[in-house]
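# Residue-level structural notes
One-letter residues, chain by chain:
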Amino acid sequence: VVREALAELDKRKLAGEVVIVDDRSTDQTPRRADDLAKSDPRVKVIHNLTRIGCHPSQWKAFLQARGPWMLFIPADGQIPPSEIEAFLAGAEGADVVISWRKDRADPWMRRMFGLGYRLAIRLTLGLSVHDVDSCTMYRKSVIENMIGRVDPLGHFLPTEMLTRARKAGARV
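Let me sum up the structure you'll find in this document. None of the values given here were measured: they were computed from a predicted structure. (Residues numbered from 1 in each chain as written. Predicted model: local features only at pLDDT ≥ 70, side-chain atom pairs only at ≥ 80, totals over all residues. Heavy atoms only, no water.)

A word on the pairing of strand S1 (residues 18–22). Regular strands place their side chains on alternate faces of the sheet. Burial of S1 is one-sided: the residues Val-18, Ile-20 and Asp-22 facing one way are buried, the residues Val-19 and Val-21 facing the other way are not. For S1 and strand S2 (residues 43–47), the ladder comprises five bridges, and the chain directions are parallel. Considered in S2, the bridge of Ile-20 is made with Val-45. What joins S1 to S2 is helix H2 (residues 29–39), and the crossover it makes is right-handed. (Buried < 20%, exposed > 50% of the residue type's maximum accessible area, 1.4 Å probe, protein only. Helix = DSSP H or I, 4+ residues; strand = E, 2+ residues; numbered from the N terminus. Pairing = 2+ DSSP bridges. Right-handed = clockwise from strand over helix to strand, strands pointing away.)

Here we take up the pattern of salt bridges. Close approach of charged atoms allows side chains of opposite charge to pair. Going through the model one piece at a time under the given rule, you end up with nine salt bridges. Its salt-bridge partner being Glu-17, residue Arg-66 comes within 2.8 Å of it at the nearest N-O pair. On the criterion of sequence distance, the pair formed by Arg-66 in the loop between helix H3 (54–64) and strand S3 (69–72) and Glu-17 in the loop between helix H1 (2–11) and S1 is long-range, its members being 49 residues apart. Overall, the relative accessible area of 19% leaves Glu-17 in the buried class. One network of salt bridges, in which partners are shared, links Glu-8, Arg-12 and Glu-85. (Salt bridge = Lys/Arg side-chain N within 4 Å of Asp/Glu carboxyl O.)

Note: strands within a sheet are paired through backbone hydrogen bonds, in either parallel or antiparallel orientation. Within the open sheet, the three strands sit side by side as S3-S5-S4. Their pairing is antiparallel. Bordering the open sheet on either side are S3 and strand S4 (96–98), each of which pairs with just one other strand. The sheet shows a mean angle of 10° between the axes of neighbouring strands, taken without regard to direction. The pairing of S3 with strand S5 (residues 136–139) spans four bridges and is antiparallel. By the bridge assignment for S5, Trp-69 is matched with Arg-139. Together, S3 and S5 form the strand contacts of H3, whose direction differs from that of S3 by roughly 155°. Running at roughly 40° to S5, helix H7 (residues 157–167) makes contact with S4 and S5 of the sheet. (Axes fitted to C-alpha atoms, helices over the stretch in contact; angles between N-to-C directions. Contact = heavy atoms within 4.5 Å.)

Once that is clear, we can look at the nonpolar core. Counting residues in hydrophobic clusters, the biggest one holds 18 residues, and the most contacted among them are Tyr-138, Met-146 and Met-161. At the level of secondary structure, the elements contributing two or more residues to this core comprise H3, S3, helix H6 (140–146) and H7. (Core = buried A, V, L, I, M, F, W, Y, C linked by side-chain atoms within 4.5 Å.)

And the structure:
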């Protein structure tokens, strides 16, 4: 996924970087990530001292990233880095861009839980989104405005980030 992301940056002639957060992987991920960082200055690796989970790791990456936009793509391969193009198209006039995985490969039970989660955040927070926990792209200024205002270890970090961004006037 990292090499694909770098290729997408090259293809589109975009200045950017890839921030990898190793959440205490027990396979070869830490070594491979370090090797990639040694071979390409656009790759930055953060090694968590303890396992903290996907979204807190995402927050750490956002804080370390240097560009004007922060795009989070999980490294599980469900969303290819070629989706950068769609995010860039959606960024026109926006501060936050959210993906929507239409053809999810999840079992029916997980899809039902997802439906319940979306309904709950719509009713309680007024957020009408399909997939808040997947790929998201934020302007750096929106992230900076949240420092000290979100619980980076919270279980609902992506939902909290989006809620705070909208309340602060971010265009989603």
